[in-house]
Amino acid sequence: AVIDNLYMGHRAAVNPGAAFFEADLADQAAVDRVMAAFSPDSVMHFAAYSLVGESVENPFKYLGDNVSNAIHLIDSAIRHGVERFCLISTDKAVKPVSVMGASKWFAEQIVRSLHDNGSIYCAVRFGNVLGSRGSVIPTFLDQIQRGGPVTVTDARMSRYFMSLQEAVELVLQASALATGGELFTLDMGERVNIYELAHKLVRLSGRVPGRDIEIKT
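This section reports on the structure supplied with the text.

Cut-off values and rules
Residues numbered from 1 in each chain as written. Predicted model: local features only at pLDDT ≥ 70, side-chain atom pairs only at ≥ 80, totals over all residues. Heavy atoms only, no water. Helix = DSSP H or I, 4+ residues; strand = E, 2+ residues; numbered from the N terminus. Buried < 20%, exposed > 50% of the residue type's maximum accessible area, 1.4 Å probe, protein only. Contact = heavy atoms within 4.5 Å. Patch = residues over 30% accessible without salt bridge, like charges linked within 9 Å, V, L, I, M, F, W, Y side chains within 5 Å. Areas by Shrake-Rupley, 256 points an atom, 1.4 Å probe, with all protein chains shown as cover. Salt bridge = Lys/Arg side-chain N within 4 Å of Asp/Glu carboxyl O.

1. Quick word on the overall build of the protein chain
Across its full length, the protein chain holds seven helices and twelve strands. Taken over 217 residues, the protein chain has a buried fraction of 39%. If you take every contact in the protein chain between residues at least 6 apart in sequence, the share linking residues at least 24 apart comes to 72%.

Quick look at the structure:
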C-alpha cells in the first residue's frame, strides 16, 4: 500500500500488484484505515513540501506537512505495530537556514527519539533527486523554455544530486541496515553550485545567460 502524493503517470511502472491510496496525512483516521487494512511491516515516509521559496512565504504549511503530518504517520505506525519506519529527509536539514530544512530537522529528531520503542525507526538525508517533483533541473528547464527568468534562491547555494534509482536503492539499504535511531547521510559525491548550474543549462539550450535568459536571484 502506498500513502503519498504520486504522479499518476508513474503508476504504470510500479508492480501491477501494488495497491494505491490517495490520503491526506493530516487526516489521522484515513491513515489509520490504510494501516489497519494492510498491516505493513515497513513504512517509508517520502511526502514533504520541499521548495525553499514557498516555505518562506508560508512557513506554517511546511511545519504542518513536514512535522505534524509526520507525527500522524508515526503515531499510526506505532499503534499498528510497524516493524521498520524510515523518514526521507534532506541535506537542507544540515544546520538549517530555511523553514523547509528546519521542519525536516524536527521530523528527524522525532524519529530518532523512538529508537527504544521495540521497532526500528531511522532517517535518511537526500540531496536533489533528479526527475522528482520540485527537482531543480526540471524547474529550470521549464523556466528556460518559457523564456525566463530562471530563479535561484541564493547564488551561494549548492546541492547534491542523485538519480531516482539511486535514491530508491539507498532508502532500502538504509532501512535494512538500521538498528534504531540512526540518521543516515548518504555519500552523494560533490556538491553542485545551483547558480552555476542555471548558467550551464541556459548555455546548453543555445542561449546566453543575462542576454537571452535572465537569471534572477
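Having put the structure on the table, let's press on.
2. Quick word on the environment of D32
When you line up the elements, D32 lands in helix α1 (residues 28-38). The spacing of D32 and D75 is 43 residues in sequence and 9.2 Å in space, taken between C-alpha atoms. Residues contacting D32, with those up to four places away along its chain left out, are S76, R79 and H80.

3. A word on a nonpolar patch on the surface
Judged by side-chain polarity, L164, V168 and L172 come together as a nonpolar surface patch covering roughly 270 Å² of accessible area. Its place among the elements puts L172 in helix α6 (residues 164-177).

These figures capture arrangement, not role.
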